[in-house]
Amino acid sequence: MRTTLIYILFLLANGMVYAQQEHRDISGTVADANNNKPLPGVSISIQGITGEIIADESGKFNIRVPKGHRVLTFSLVGYQSRDLVPGTDGFLSVSLQRSNRQLDEVVVVGYGTQKRKDLVGAVTKINPADTRHIPAGSFDAQLQGKAPGVQITTNTGVPGEAVNVRLRGATSINADNTPLYVVDGVFINSSSLQTISTGGKSTSPIADINPNDIATIEILKDAEATALYGSRGANGVVLVTTKRGSYNQKPKITFDISGGSAWAPPLWELTTGPEHATLVNEWWINTGVDNPSLNRNYANRPFRPKSEVINGVAGRGLPEEQQTYDRLSEVFRTATLQRYDISVAGGNQGTRYYIGGGYDKQESILKPISFDRASLKINLDQKIGSRAQVGVSNTVTRSYRNQGRAGDGPAGGLLQAALHTPTYLSPYNDEGVPVGRAGFDNVSLLIDHYDVNSRSLRYIGNLYAELEILPKLVLRSSWGLDYNNYDESEYWNNLLIAGSPSGLATSSITQNSNWVNEQTLSYRRSFGSKHAFGAIVGNTLQQSVYDRTYLEGRGFANNSFTQIASASAVSGTQSWSKNSLASFFGKVDYSFNDRYLVNFSLRADGSSKFGDNHKWGYFPSAGIAWRIIEEPLVQRINAISDLKLRASYGITGNQNGIGDFAAQGLWSGAVSYEGAAGISPQQLANQDLKWERTSQFNIGLDLGLFNDRLSFEFNFYNKYTRDGLLQLALPSTTGFDTYWSNAAEISNKGFELGIRSVNIVAKEFRWTTGISLAQNINKIEKLATPLQYGSRNLILQQEGSPLYSYWLYKQLYVDPETGKAVYEDVNKDNAITAADRQVIGSVWPKLFGGISNDFSFRNFDLGIFFSFQYGNDTYNHNRFFGEGGGARDAARVIFANNLKRWQQPGDKTDVPRSDGVNVNNYLDGGSRWLEDGSFLRLRSLSLGYTIPKKIVSRIRFENIRLYCLASNLFLLTSYSGPDPESSANSSQNQPGIDLGTPPQPRSVQFGINVTL
């Protein structure tokens, strides 16, 4: 026994010695290679082993390395990682070089690229990989909240429809406020070609671009960044660069497939049939009390026993006998989402290529609307020797829309027919035949016979050649084309209001071609170690041609005939238009000691749209930047990793949105006199019509702290637009209605703040946060005559107020003793008239932006993104029609909120006593319908898992990622409608009026991304 115990102790002792020999202790310090200061927080890990240690506040570390492992990895955010093998003495003195990956990031700017550290202008770069899976028809809708100063409003839940994009506010009333979109050097059309009415809505041409083909998106915001685009840059520029292959790269094949469902958020709360009848009876009796001559009382109330016949009119039955018919559930559905993308990219020493194909099908939550897009992308670049290169970019898309009237208007209005029809009315008559009610179509008939379609065939292409004439001197020439064939058709049979009495069919084919030819000569050179100089000169020739043919047929023998050729009456119209633009531009930039940066640019544009006296516009800009981080004093501050001050001033122009012949006197031939063809004046000439000009001052600060673990980008801007393009009204005695003039001035000023933080970086866990925050203050500085827009003139543009202000009667309160609404009597005449309407609120938010948090743990990744707006107003026109207090009887639905109406003295509520339609208590244009449109929306929630390399390599795959993406799952708002962003009309002068518009859907998708 004793011998055995001694033997066991001997083995244990030897084991301990052996174990000690199996490890090795390594200690040392880590410091900044530039200033030799200790670096706390450095991660030290052993290659091949899970786990890590962190250097202490003095940069010191101590780690035990098992036998058989030699390499240590040192990493810290903002520094270049190093792999080192310890020496025999067991001590390491490690120095890490700062990593300028963020500062060295290449950013696409006007006619070239720059490193971020050399930027003078305000430019935001967006990675489309973060947003392209969001189920929106166009990539611009996916960018909401991602870029400071870029306000994007998705005003409908219909995929493929236009969204509202504003960069640093709006600069014009009648000219276009949409930014310029440039795809691979091609200026593309962003104005809808739709001509068929869908209740004020319009399609988005941007939806023709497949987001999966996009490599980068740069947004140019200030005058220095946009000035080279001159007349096109007043509203900002969105530069889209599509994917290309790489030289000396083996073919890489990528599949991305996803599918899912979308559904409606909580919808409107409506009264039941019995509640509707009760409110109608109450209104009936109240109006009889107010006006005895109407002879309305309890005895002859509308909803009384059917057996009671008064003056030949039978009662409709008691309120409690009424049925409730749910039309909303009939028109809304759970929609299907599908997306398929495949691409191959690669290249050899002299050639690189990218080929991508995609198919996207999105059903709308509103029946029977859908959006389909098929796309093909081919990019090819070829080197010719060492000094020349040629290449092409080609995009072909076919977009199909099963469209629907999802805006204003009763005829064919899908949502209005379901929402605004009283709930107690049966969809069938006494014979059981489907019928429409309240002036709307029968929902079932409307869905079953809806036939409104559009097909867009689009090509966006660019061909370029580049030659290095001398070292650093490069000549580039390119031709670009944006061609769109837009084919629309609709057929309304005689069962529907729009087709009554004998059917209606229309067909419209629009062709829009926009070609551009550019030549640039660029030179860039460094002199010694302190001086860097660059220059570029160039010219642009551009032409746009628009051609439309429209045909209409009425009177069909029966509903089996749907072609216009079968109509008994056929009519048609044709239109054609063209505009041209010639431009010359130049830019020089200089950098001294990588510390002081100066840029100057000038562009001259000549447009065929303006009069002979003002065809040419000249648009200069200048910018300076001071990289304070390069000052020796600042470099001693270890906490600051980047610091740059920027300032710029420039002028840009605008001609978009006005007619191609806006300055010309036009005559029309579409007239006749006693059967003889004739002509008549159509438009009054104005040869003094000139460019709309916007000057902009910008000052910005870029700050990086703690090795860029925390970074800030701040911009303040002040924009002022003069010579605003405006259509002015003329007296009818002139023979003309309006003419184009320069008659408005508008200002925009505000700030933008972008924050990026790396919160946690460990070997297996990473957490980053991004915040964008902005404010824009808009004001009409000069406008001689106020202009009214929107339904019931709800929008007023007047001097001293912001664009898109609401013009309303201000309801102060509801008198608790009488139940009457009390309005502010502005002119003190003891009567509420149109003279008492006033500006109350606007669509502009006080703050807007987004917040993103991205996490990664081992092979899992999680992304959470919120977008928000605060301080904007939305006019809930659905409530005006749906809270009539029973006065509309069988003509409109009644919202459940009307049950909160005043009924007896002492009641405190903001819903007045029922007394009539469009009288004081339910005044159209009353401020009671204006609501706070602020919101916080969970725009996207994504969860992914990347299968480990050791597993996918066995099947010869490079990467496999499984993911789930949810959108709009959460919405925090006080707005009473389903969606505070909803707007019934896509017109830029009628935003923020919610009527008959489906909300943005909630959705969940599952997908897989595979790389071979």
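The structure we're discussing is the one just above.
Below you will find a few notes about this structure. (Residues numbered from 1 in each chain as written. Predicted model: local features only at pLDDT ≥ 70, side-chain atom pairs only at ≥ 80, totals over all residues. Heavy atoms only, no water.)

**Comments concerning the overall build of the protein chain**
In step 1: A count of helices and strands for the protein chain gives ten helices and 52 strands.
In step 2: In terms of C-alpha radius of gyration, the protein chain reaches 34 Å, essentially the compact-globule figure of 31 Å for 1012 residues.
In step 3: The dimensions of the protein chain, computed from C-alpha atoms along their principal axes, are 120 × 95 × 60 Å.
In step 4: In the protein chain, which comprises 1012 residues, the proportion classed as buried is 52%.
In step 5: Long-range contacts, defined here as pairs at least 24 residues apart, represent 69% of the contacts in the protein chain between residues at least 6 apart.
In step 6: Just so you have it, the protein chain exposes about 43,400 Å², and 56% of that area is on carbon and sulfur atoms.
In step 7: Taking the 97 positively charged and 93 negatively charged side chains of the protein chain as two groups, their mean positions are separated by 8 Å. (Helix = DSSP H or I, 4+ residues; strand = E, 2+ residues; numbered from the N terminus. Rg over C-alpha atoms; globule rule 2.2 N^0.38 Å. Buried < 20%, exposed > 50% of the residue type's maximum accessible area, 1.4 Å probe, protein only. Contact = heavy atoms within 4.5 Å. Areas by Shrake-Rupley, 256 points an atom, 1.4 Å probe, with all protein chains shown as cover. Lys, Arg positive; Asp, Glu negative; His and termini not counted. Charge placed at Lys NZ, Arg CZ, Asp CG, Glu CD.)

**Considerations on the packing of aromatic side chains**
In step 1: Summed over all chains, the structure comprises 22 aromatic pairs.
In step 2: Summarising the aromatic geometry, the rings of Y804 and W844 are spaced 5.8 Å apart at their centres and angled 25° between planes, so their arrangement reads as stacked. Taken together, the positions of Y804 in the loop between β39 (795–797) and β40 (805–808) and W844 in the loop between β43 (838–842) and β44 (847–857) put the pair 40 residues apart, joining distant regions of the chain.
In step 3: With a relative accessible area of 3%, Y804 lands in the buried category.
In step 4: Look at W844 and you get buried, because its relative accessible area is 9%.
In step 5: Note on F860 and Y945: the rings are 4.6 Å apart at their centroids and 45° apart in plane angle, and the pair reads as tilted. Separated by 85 residues along the polypeptide, F860 in strand β45 (residues 860–870) and Y945 in strand β48 (residues 935–946) bring together distant segments of the chain. (Phe/Tyr/Trp six-rings, centres within 6.5 Å; stacked < 30°, edge-to-face > 60°.)

**Examining the sheet that holds strand β7 (residues 91–96)**
Sheet strands pair by backbone hydrogen bonding; their relative direction is either parallel or antiparallel.
In step 1: Reading across from one edge, β4-β1-β7 is the order of the three strands in this open sheet, with mixed pairing throughout. A strand with exactly one partner marks an edge of an open sheet, and here the two such strands are β4 (60–66) and β7. For this sheet the average axis-to-axis angle between neighbouring strands, irrespective of direction, equals 30°.
In step 2: Taken together, the six bridges between strand β1 (residues 23–32) and β7 define a ladder with parallel strand orientation. From the neighbouring strand, D32 faces β7, where its bridge partner is L96. (Pairing = 2+ DSSP bridges. Axes fitted to C-alpha atoms, helices over the stretch in contact; angles between N-to-C directions.)

**Quick look at a nonpolar patch on the surface**
In step 1: Side chains of Y596, W626, L645, Y649, F697, I699, L701, F714 and F716 sit close together on the surface and give an oily, nonpolar patch of about 750 Å² of accessible area.
In step 2: Listing elements by their share of the nonpolar patch, those giving two or more residues are β31 (640–654), β34 (692–705) and β35 (710–729).
In step 3: Element by element, the count of residues in the nonpolar patch is highest for β34, at three residues.
In step 4: Relative to the elements of secondary structure, F714 occurs in strand β35. (Patch = residues over 30% accessible without salt bridge, like charges linked within 9 Å, V, L, I, M, F, W, Y side chains within 5 Å. Salt bridge = Lys/Arg side-chain N within 4 Å of Asp/Glu carboxyl O.)

**Thoughts on the pattern of salt bridges**
In step 1: A complete count under the given rule lists 41 salt bridges for this structure.
In step 2: Across the pair K377 and D184 runs a salt bridge whose closest N-O atoms are separated by 3.2 Å. A residue pair is termed long-range when its members are at least 10 positions apart, and K377 in strand β22 (residues 370–384) and D184 in the loop between β13 (180–183) and β14 (186–187) qualify at 193 residues. Per residue, the accessibility class of K377 equals that of D184, and both read buried.
In step 3: In this structure, the salt-bridge partner of R339 is D341, at a minimum N-O distance of 2.7 Å. Summarising the burial analysis for this pair, R339 and D341 share the class buried.
In step 4: The network of salt bridges with shared partners includes K117, D118, D594, R627, E630 and D642.

**Remarks on the nonpolar core**
In step 1: Judged by nonpolar contacts, the single largest core of 31 residues is most densely connected at F332, L366 and W492.
In step 2: If you list the elements that add at least two residues to this core, you get α5 (328–331), β20 (335–347), α6 (414–419) and α7 (443–448).
In step 3: Here this core gets five residues from one element, more than from any other, and that element is α6.
In step 4: Among residues more than four places away in sequence, those in contact with F332 are A264, L267, W268, I365, L366, K367, L415, P998 and P999. (Core = buried A, V, L, I, M, F, W, Y, C linked by side-chain atoms within 4.5 Å.)

**Quick word on unusual backbone geometry**
In step 1: The peptide bond linking K367 to P368 adopts the cis configuration, its omega dihedral lying at -10°.
In step 2: Mapping P368 onto the fold places it in the loop between β21 (351–363) and β22.
In step 3: Here the residue pair S500 and P501 is connected by a cis peptide bond, since its omega of 5° sits within 30 degrees of zero.
In step 4: For D708, which is not glycine, the phi torsion reads 65° and is therefore positive.
In step 5: Examined against the element boundaries, D708 turns out to sit in the loop between β34 and β35.
In step 6: For D708, a relative accessible area of 13% gives the class buried.
In step 7: One non-glycine residue, Y804, adopts positive backbone phi at about 60°.

**Some details on the side chain of Q322**
In step 1: Secondary-structure assignment places Q322 in the loop between β19 (313–314) and α5.
In step 2: Polar side-chain contacts of Q322 include one of 3.2 Å to the backbone oxygen of R316.
In step 3: Within polar-contact distance, the side chain of Q322 engages the backbone oxygen of L318 at 3.0 Å.
In step 4: If we skip the residues at most four places from it in the chain, Q322 touches G273, P274, A277, F303, R316, G317 and Y424. (Polar contact = N/O pair within 3.5 Å; in protein donor to acceptor, adjacent residues only side chain to side chain.)

**Things to note about the side chain of T694**
In step 1: Of note, T694 is situated in strand β34.
In step 2: At a separation of 2.8 Å, a polar atom in the side chain of T694 contacts the side chain of T721.
In step 3: Each residue touching T694, except ones within four places of it in the same chain, is listed here: T171, A234, G650, I651, T652, K719, Y720 and T721.

**A look at helix α4 (residues 273–290)**
In step 1: Taking 1.5 Å of rise per residue, the 18 residues of α4 would be expected to cover 26 Å, and the 26 Å separating its terminal C-alpha atoms lies within 8% of that figure.
In step 2: Listing the buried residues of α4 in full gives G273, H276, A277, L279, V280, N281, E282, W283, W284, N286, T287 and G288. (Expected span 1.5 Å × (residues − 1).)

**Points about the pairing of β1**
In step 1: Where β1 lies against β4, seven bridges are found, and the strand directions are antiparallel. Note that in β4 the partner of G28 across the bridge is F61.

**Some remarks on the sheet that holds β39**
In step 1: Read across the open sheet, the four strands follow the order β38-β39-β40-β43; overall the sheet is antiparallel. Each end of this open sheet is capped by a strand with a single partner; those strands are β38 (787–789) and β43. Here the average twist between neighbouring strands, direction ignored, is 45°.
In step 2: Pairing between β40 and β43: three bridges, direction antiparallel. Note that in β43 the partner of L808 across the bridge is Q838.

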